Amino acid sequence: MPLSSSFTTQRFSPGKSTLAPYLGLSLWVGLLLLLRGPLQSLMPHDEGWYAQQARWIVETGDWVTQQWWGAPVHDRMMGIQWLIAASYKLFGVSEWSARLPGAIASWGAVMLTYAIGLRCLTPAIALWGAAILAATPIWMQASRLAIQDVPLTALELLGIWALLQAETRPGRLGWGFLAGCTVGLGFMLKSIMVIPVVMALGPYLVLEHRRHRHLLNPGLYLGLVVGLVPAIAWLALSVQRYGTLPLERTFGLLVNLAQEDFHNVGPLYYFWNIPLNAFPWPLLAVPGVWLGWQSPYPRKALWLGYPLVLFTLLTLFKTRTWYYPLQLLPFVALLAALTLTTLGTLYRTGRRRRLVAGLTYLLAAIGAVLVGAGIVALLRPQWIAVEGLWRYALLAIAAGLGWRVPLGVCWRSRTQSRRAESAPLWQAGWLLGPWLAIALLYTTGLWGNYNPDVKLALSTPPLQEIVANNPVNILTNSISLGDEDAVLLTFYTPQPGIATDRWQTLAPGSYIWVAVPDLETLPAEATRLGQVRDWVLVQLP
């Protein structure tokens, strides 16, 4: 039987589109996004940085200055700070409201992944791909962080979806306008990091131009100009206020990132980091590339060429981080869904039984190891010296039980008819383990409560009443204000005062955060009120 016959060839038809898949996917990802532990606290970088800058926007009413303790920094674009500040305006300052834009963007990205899959592949692959994205660990962790990358990815998917709509819809100019706007708005979020995305669209825009004619759509160029208006306006106002400083720092940092590997992770970083952080879906996406190349589905230059080119560009970019590849994950999910759908066809038809059985038993074996390890950790915690071990134990048990579902389905479906009926459940079992693990990561606080000690220290006596009722300054002698502990102290201090490198400029009786190495520079009469990590709250005499 030829390879193409193993694929589901049902094509997308607008008339057959219903809300049911969108509602199901909203429930699938929405439950995860709503889950949270009782205690929440921020990461220092970049989450705490953006959350505090947005807080200063709301407190000062200054939507132009990108500041840190009163000094303009302007080291990146302003989009995420505006989104978080808008959330603060609606819901108040908190970790939840700081993370809300990312959560909404994650939901939107899942919906758009399904919509793009409908246009490029089949309804079944589109549905599994969107569901896989919501069961991808690193994606879901980033979805509940106050950072740029998930909103940026959602914008990119919106632009791609608009291009697909412009191929067949009567409102071609409007869809082109929307696609162009997403580029400019993406620039406001992540500046020139949108350029690799545009370059990755090159194969689709150029090689398939005779079919879609996007490059001749004036709406695309008009949208590009209009989308850049917020970024240009913000930069112009910043330059008017601070001279060339915003341009030098914003674009100077980006040039440095492109030329030097600040994290020193090496050129092969993404080859192991992506499979590890998004396990197991990149492992399924690799055969999905080959299956996709052999498949009859159109627009390969988009759904296959785009992720391959973008991966290559990100690998060539000197600075490599865990969050840059988030832009790849929707397409990794679709390629993994292509493999999973093919495996489901093999399971249903009884072909290549050894391959299907081998994968099923392998998944069950991994699940059994996880369940066993979790039970041992619960019963013999003294064997493993890890704080909060019970959380990891529950996580392992949940993931392990989920991954044993496909084996249970196989055992109960011996006949051909039963296999055909149980194929969707067999496929769903692949997703259940990661989904349950993500749910446990949220509810146990392993995700979401990253620095509880700093928040706890400032919300309990003896420091609680002092910081709640008095402005607290900070001494900037030996430790940078960008220090991780300083970022957290800043966000969790209810009334930040001013930053100074000379305590003598402060009024007598003022409260001030002082790094431990700088304590000796204070007068002997200064009163030490409490310590949080390497910072001490001091009252001047």
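Scroll up a little and you will see the structure.
Below, the structure is looked at part by part.

Calculation rules
Residues numbered from 1 in each chain as written. Predicted model: local features only at pLDDT ≥ 70, side-chain atom pairs only at ≥ 80, totals over all residues. Heavy atoms only, no water. Helix = DSSP H or I, 4+ residues; strand = E, 2+ residues; numbered from the N terminus. Buried < 20%, exposed > 50% of the residue type's maximum accessible area, 1.4 Å probe, protein only. Contact = heavy atoms within 4.5 Å. Axes fitted to C-alpha atoms, helices over the stretch in contact; angles between N-to-C directions. Parallel < 35°, antiparallel > 145°, perpendicular 65-115°, else oblique. Left-handed = near helix turned anticlockwise from the far one by under 90°. Nonpolar A, V, L, I, M, F, W, Y, C, P; charged D, E, K, R; others polar. Pairing = 2+ DSSP bridges. Expected span 1.5 Å × (residues − 1). Salt bridge = Lys/Arg side-chain N within 4 Å of Asp/Glu carboxyl O. Patch = residues over 30% accessible without salt bridge, like charges linked within 9 Å, V, L, I, M, F, W, Y side chains within 5 Å. Areas by Shrake-Rupley, 256 points an atom, 1.4 Å probe, with all protein chains shown as cover. Core = buried A, V, L, I, M, F, W, Y, C linked by side-chain atoms within 4.5 Å.

1. Remarks on the side chain of T136
Among the secondary structure elements, T136 is positioned in the loop between α5 (123–134) and α6 (137–143). Judged by its relative accessible area of 3%, T136 falls in the buried class. Apart from residues lying up to four places away in sequence, T136 is in contact with A278, W281, L329 and I438.

2. Brief notes about the packing of helix α8 (residues 172–190) against helix α12 (residues 218–242)
Between α8 and α12, the shortest axis-to-axis distance is 6 Å and the interhelical angle comes to 25°. As judged from the angle between their axes, α8 and α12 are roughly parallel. Along this stretch, α8 crosses α12, giving a crossing that reads as right-handed. For the pair α8 and α12, contact is made by L173, G176, F177, A179, G180, C181, V183, G184, L185, F187 and M188 and by P218, G219, L220, L222, G223, L224, V226, G227, L228, P230, A231 and W234, respectively. Its residues assigned to classes, the contact of α8 with α12 shows 17 nonpolar, six polar and no charged.

3. Points about the sheet that holds strand β5 (residues 511–515)
Judged by pairing direction, the sheet is mixed, and its five strands sit side by side in the order β4-β3-β5-β7-β6 without closing on themselves. In this open sheet, the two edge strands, each paired with only one partner strand, are β4 (496–500) and β6 (527–532). When strand polarity is set aside, the average angle formed by the axes of neighbouring strands in this sheet is 25°. One ladder, built from five bridges, connects β5 with strand β7 (residues 535–539); its direction is antiparallel. Counted as the bridge partner of A515 is W535 from β7. Each of β3 (472–475), β4, β5, β6 and β7 is contacted by helix α25 (residues 484–492), which is oriented at about 50° to β7, the strand it contacts most.

4. Some details on helix α1 (residues 20–34)
Compared with the 21 Å implied by 1.5 Å per residue over 15 residues, the 20 Å span of α1 between its first and last C-alpha is a close match. For α1, the set of buried residues is P21, L25, V29, G30, L32 and L33.

5. What about the packing of α1 against α5?
Where α1 contacts α5, the axes come no closer than 9 Å and their chain directions differ by 10°. In terms of orientation, α1 and α5 fall into the roughly parallel class. Between α1, through P21, L25, W28, V29 and L32, and α5, the contact on the second element is made entirely by L127, A130, A131 and A134. The residue makeup of the contact of α1 with α5, split by class, is nine nonpolar, no polar and no charged.

6. Regarding the pairing of β5
The two faces of a sheet get side chains in turn, since along a regular strand they alternate between them. Taken across its five residues, β5 has five buried, putting it largely inside the fold. Side-chain alternation along β5 places Y511, W513 and A515 on one buried face and I512 and V514 on a second face that is also buried. Relative to β5, β3 runs parallel, the two being bridged by three bridges. Within β5, the residue paired with N473 across the bridge is I512.

7. Concerning the pattern of salt bridges
The full count for this structure, using the stated rule, is twelve salt bridges. Linking E167 and R299 is a salt bridge whose minimum nitrogen-to-oxygen distance equals 2.8 Å. Taken together, the positions of E167 in helix α7 (residues 149–168) and R299 in the loop between α15 (281–294) and α16 (300–303) put the pair 132 residues apart, joining distant regions of the chain. One salt bridge in this structure joins D453 and R533, with 2.9 Å as the shortest N-O distance.

8. Comments concerning a nonpolar patch on the surface
On the surface, I375, L378, L379, W390 and L394 cluster together into a nonpolar patch covering about 460 Å² of accessible area. Among the secondary structure elements, those contributing two or more residues to the nonpolar patch are α19 (353–379) and α20 (389–403). When residues of the nonpolar patch are assigned to their parent elements, the largest contribution, three residues, is made by α19. Looking at where L378 falls in the secondary structure, it is placed in helix α19. A residue is classified by how much of its surface remains accessible, and L378, at 39% relative accessible area, is partly exposed.

9. Notes on the nonpolar core
Grouped together as the largest cluster of nonpolar side chains are 97 residues, with contacts concentrated most on M140, Y306 and W430. Residue contacts for M140: discarding those within four places in its chain leaves V29, L32, L33, S106, L133, A134, I438, Y442 and W447. Counting residues in hydrophobic clusters, the runner-up holds 48 residues, among them L42, W68, L155 and L458.

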